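Coordinates in review
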Amino acid sequence: MTGTFVGMPAFPTAARAALADSQLRSNLAHATSTIRARRLAVVGELDGWEELRLAGAAIKDNTLLHLDEHLLALEASLTARGAVVHWARDADEACRIVAGIAKDHGADEVVKVKSMATQEIGLNEALAAEGIAAWETDLAELIVQLGDDLPSHILVPAIHRNRAEIRQIFLDKMAAVGRPAPADLTDEPARLAEAARLHLREKFLRARVAVSGANFAVAETGSLVVVESEGNGRMCLTLPDVLVSVVGIEKVVPTWADLDVFLQLLPRSSTGERMNPYTSIWSGVTPGDGPQEVHVVLLDHGRTRALADEVGRQALRCIRCSACLNVCPVYERTGGHAYGSVYPGPIGAILNPLLRGVGTDDQVDSLPYASSLCGACFEACPVRIDIPAVLVDLRAQVVDAHRGGVPRPEAAVMRSASWVLGTARRLGAAERASGLVGRVAGRLARRSSSSGRPLMSRLPGPGAGWSDARDLPAPPAESFRAWWKRTEGGHR
Amino acid sequence: MSARDEILGRVRSALTQADRSPVAVPTTHRGRVHEGDLVELFVERVEDYRATVTRCADSEVAGTVSRLLPEGTSVVLAPGFEWSVPGAAVDSGLTAVQLDSVGAVVTGATVGIAETGTLVLTHGPGEGRRLLSLVPDVHVCVVRASQVVADVPAAIGVLDPRRPQTWISGPSATSDIELDRVEGVHGPRTLHVVIVD
């Protein structure tokens, strides 16, 4: 699994299956409405939220425009603080580095802090191939891992599961990989959390090597920041002897002071809290406290490709809060799996094509169309990523990538439209033809719009698929230009 | 070519066409004026996370901490903690496994953040190693009223980035099951905050 889930169909096909799953839709509607209300409350109570968003966007933009300098500064300060810095061009290289460190310590298991970067590069699968078990310790990640499932949300990967499903997964699967779930487990969230606490505690106490990501990496001080809720992050970052953090190169912020923006934006946008329960910050090795061997893997894996995209570059501001997922009318109905990637929702619809490029994979190429362009994501984004603008630009890139060869249906339609609209004479002929269609359709139509206009609910031929979910008003019997001519501009 | 040089090269070539002039960064979020009593706001916000808050005088810390813990609880103190707690042992480098059977830990903190109800530990004297305030199921954190600052920018302004830090806002929690907040997963499930006036 690198970037997108292997074998996933393109979005429209996957979305159709998801929409038919009423349990999924009910789980998602409940979860996203809960988190939307919480986010609105804590964003609303803070004075100057818009200024904070502007500051977050500006800091990220300034950093990205001089990313080479900030990466070198980060490397220097991390090294000075006793950390070992590695660079990884792609997923394979990053996975090899992490596996190599684990093997150097004779480890056959690692404990993991929830991390999008390690999901993206398929680290767990790569470690498994080397005989190293990677234990996810975030509750939602644990649910996904035990259920042999795929994540469907950036913040809450098991958002598609309800409490009853989670109880069953724990009862069925925990015993095979460690301490079993209590036999009398109920579906009370507190009891489920307790079962996870007991199951993972023995793994925390035993683990020698931990793997994390980082929410932020401060170039000036070599400080890495992990923001979390449960304390599994603290366990992984504190108890083992060796810590490896896989950090996307876009995670760098220049100065310590910059954190005063992001540590306000992230928790309020993400979990809808004034502050998340735990934030851990460490700068290299602290003698006598925590891991005494600290590695940082700086990961490209398509980020420089996104950086080169003038319009799409802003997607690298993303702090992975998932606010855009929670407000998206498309995500709320289809869920995350339909996007076929660890990055679902509006941000996934731009991030996947930007990281992987368009024109080579139909699944990736379908993502910029997985949106109604309503703009709710842009309004919610704490770093003001104009997702609709990037989507529109990527749609153009997808079309451009498919020029030449057999034209796609919409390209053929656009070409004939351009021919028809090219001269007044051709347009007039087309209008007369469509007026004829309108008169026939008006007689055949079984339904009409609220204004009384006849509706065509099923188009013939290649248009049939398009009209499955849409009603098209029948063309008017007389065109505007014909009416204007006949009535001399409404005077007759 | 090394991965490092190749990535840096890709970054530079990605930006050759870019307008690299600096974007102005608003700083109005710093120095916001907070009306009202900061310590009262801190208390309200900490309690919002379902932590308990007790205010007391300097001379009452030992008694207050003792009353918060059920009788018979084994208690460990962070080395350098400035108050004595009857029956508590000062941490002498206990391992994680040993700490797993300790009932409660008592530490100080470096900063309290009023607006977010957050305690920041920097793990120096009086605060203990990071695992000390993590493994036991009950954490009693004692902070002086004078250590409470208004907001996140004020805290970032006084904290030393060279120190490891743990920002704590309430007991361990999760929202992973149907996005309902449940207190108590891997970190201490009970957080008692004592404010010394």
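Just so it is clear, the structure is predicted and the values come from calculations on it, not from any experiment.

Quick word on the overall build of chain A
Across its full length, chain A carries 23 helices and 13 strands. Dimensions of chain A, computed from C-alpha atoms along their principal axes, come out at roughly 95 × 55 × 50 Å. Considering only contacts within chain A whose residues lie at least 6 apart along the sequence, 73% involve residues at least 24 apart. Counting 54 positive and 57 negative side-chain charges, chain A places the averaged centre of each group 11 Å from the other.

Quick notes on the overall build of chain B
For chain B, the count of helices and strands is five helices and 12 strands. By the compact-globule yardstick of 16 Å for 197 residues, chain B is too spread out, its C-alpha radius of gyration being 21 Å. Per-residue burial for chain B yields a buried fraction of 56% across its 197 residues. The long-range fraction of contacts in chain B, counting pairs at least 24 apart against all pairs at least 6 apart in sequence, stands at 73%.

What about the sheet that holds strand 7 (residues 138-144) of chain B?
All names here are of chain B. With parallel pairing, six strands are arranged side by side in an open sheet as 1-12-7-4-2-3. Each edge of the open sheet is held by one strand with a lone partner, namely strand 1 (52-56) and strand 3 (89-90). Pairing geometry for strand 2 (residues 75-77) and strand 3, over two bridges, is parallel. Paired with Leu 77 across the bridge in strand 3 is Val 90. Sheet strands touched by helix 2 (residues 38-48): strand 1, strand 7 and strand 12 (190-196). Its angle to strand 1, the strand with the most contacts, is close to 150°. Contacts from helix 3 (residues 61-68) reach strand 1, strand 4 (104-108), strand 7 and strand 12, with the element oriented near 155° to strand 1.

Regarding the pattern of salt bridges
For the coordinates displayed, the defined rule picks out 52 salt bridges over all chains. With a closest N to O distance of 3.0 Å, Asp 137 of chain B and Arg 189 of chain B form a salt bridge. Here Asp 137 of chain B is found in the loop between strand 6 (118-121) and strand 7, whereas its partner Arg 189 of chain B is found in the loop between strand 11 (182-183) and strand 12, with 52 residues between them in sequence. When its relative accessible area of 28% is taken as the criterion, Arg 189 of chain B is described as partly exposed. Each of the salt bridges in this network shares a partner with another, and the network as a whole consists of Glu 45, Arg 268 and Arg 274 of chain A together with Glu 44, Arg 45 and Asp 48 of chain B.

Some points on unusual backbone geometry
The phi angle at Glu 488 of chain A is positive, at roughly 50°, despite the residue not being glycine. In this fold, Glu 488 of chain A is placed in the segment after helix 23 (480-487). Take Glu 488 of chain A: its relative accessible area is 48%, and that puts it in the partly exposed class. Not every positive phi belongs to a glycine, and His 123 of chain B is a case in point at roughly 65°. Mapped onto the fold, His 123 of chain B is located in the loop between strand 6 and strand 7. Judged by its relative accessible area of 6%, His 123 of chain B is buried.

Examining the pairing of strand 12 of chain B
Residue and element names in this part refer to chain B. Buried residues dominate strand 12, accounting for six of its seven residues. Two strands pair when backbone bridges link them, and strand 1 and strand 12 are joined in this way by five bridges, in the parallel orientation. Paired with Val 53 across the bridge in strand 12 is Val 193. Direction of pairing for strand 7 relative to strand 12: parallel, over a ladder of seven bridges. Looking across to strand 12, one finds that Val 138 is bridged to Thr 190.

Some thoughts on the packing of aromatic side chains
By convention here, two paired aromatic rings are described through the distance between centres and the angle between planes. All names here are of chain A. A full pass over the atoms with the stated rule returns seven aromatic pairs over all chains. On the basis of an interplanar angle of 35° and a centroid distance of 5.4 Å, the ring pair of Phe 216 and Phe 262 is categorised as tilted. Here Phe 216 is found in strand 5 (residues 216-218), whereas its partner Phe 262 is found in helix 12 (residues 259-270), with 46 residues between them in sequence. Ring pairing ties together the aromatic residues Phe 11, Tyr 331 and Tyr 339, which thus form one cluster.

A word on helix 1 (residues 11-19) of chain A
Residue and element names in this part refer to chain A. All buried positions along helix 1 are accounted for by Phe 11, Ala 14, Ala 15 and Ala 18. One side of helix 1 carries all its buried residues, which in axial view fall inside an arc of 100°. In helix 1, the exposed positions that point more than 90 degrees away from the buried face belong to Pro 12, Thr 13, Arg 16 and Ala 17.

Observations regarding the nonpolar core
Membership of the largest hydrophobic core comes to 149 residues, with the highest contact counts inside it found for Phe 170 and Ile 350 of chain A together with Trp 167 of chain B. With residues up to four places along the chain from it excluded, the contact list for Phe 170 of chain A reads Leu 139, Leu 142, Ile 143, Leu 146, Ala 181, Leu 185, Leu 192, Ala 195 and Ala 196 of chain A.

Quick look at the interface of chain A and chain B
On the chain B side, the residues contacting the 97 residues of chain A number 75 residues. Across the interface of chain A and chain B, roughly 7,200 Å² is buried in total on both sides, 57% from carbon and sulfur atoms. Remark: the boundary between chain A and chain B carries 15 salt bridges. Its salt-bridge partner being Arg 12 of chain B, residue Asp 68 of chain A comes within 3.0 Å of it at the nearest N-O pair. For the pair chain A and chain B, the number of links is 40 residue pairs in polar contact (both at pLDDT 80 or more). Residue contributions to the side of chain A that touches chain B peak at 11 residues, all from helix 10 (residues 189-206) of chain A.

Definitions and limits used
- Residues numbered from 1 in each chain as written.
- Chains lettered and ligands numbered in written order.
- Predicted model: local features only at pLDDT ≥ 70, side-chain atom pairs only at ≥ 80, totals over all residues.
- Heavy atoms only, no water.
- Helix = DSSP H or I, 4+ residues; strand = E, 2+ residues; numbered from the N terminus.
- Contact = heavy atoms within 4.5 Å.
- Lys, Arg positive; Asp, Glu negative; His and termini not counted.
- Charge placed at Lys NZ, Arg CZ, Asp CG, Glu CD.
- Rg over C-alpha atoms; globule rule 2.2 N^0.38 Å.
- Buried < 20%, exposed > 50% of the residue type's maximum accessible area, 1.4 Å probe, protein only.
- Pairing = 2+ DSSP bridges.
- Axes fitted to C-alpha atoms, helices over the stretch in contact; angles between N-to-C directions.
- Salt bridge = Lys/Arg side-chain N within 4 Å of Asp/Glu carboxyl O.
- Phe/Tyr/Trp six-rings, centres within 6.5 Å; stacked < 30°, edge-to-face > 60°.
- Arc of directions from axis to C-beta.
- Core = buried A, V, L, I, M, F, W, Y, C linked by side-chain atoms within 4.5 Å.
- Buried area = accessible area lost by both parts, 1.4 Å probe.
- Polar contact = N/O pair within 3.5 Å; in protein donor to acceptor, adjacent residues only side chain to side chain.

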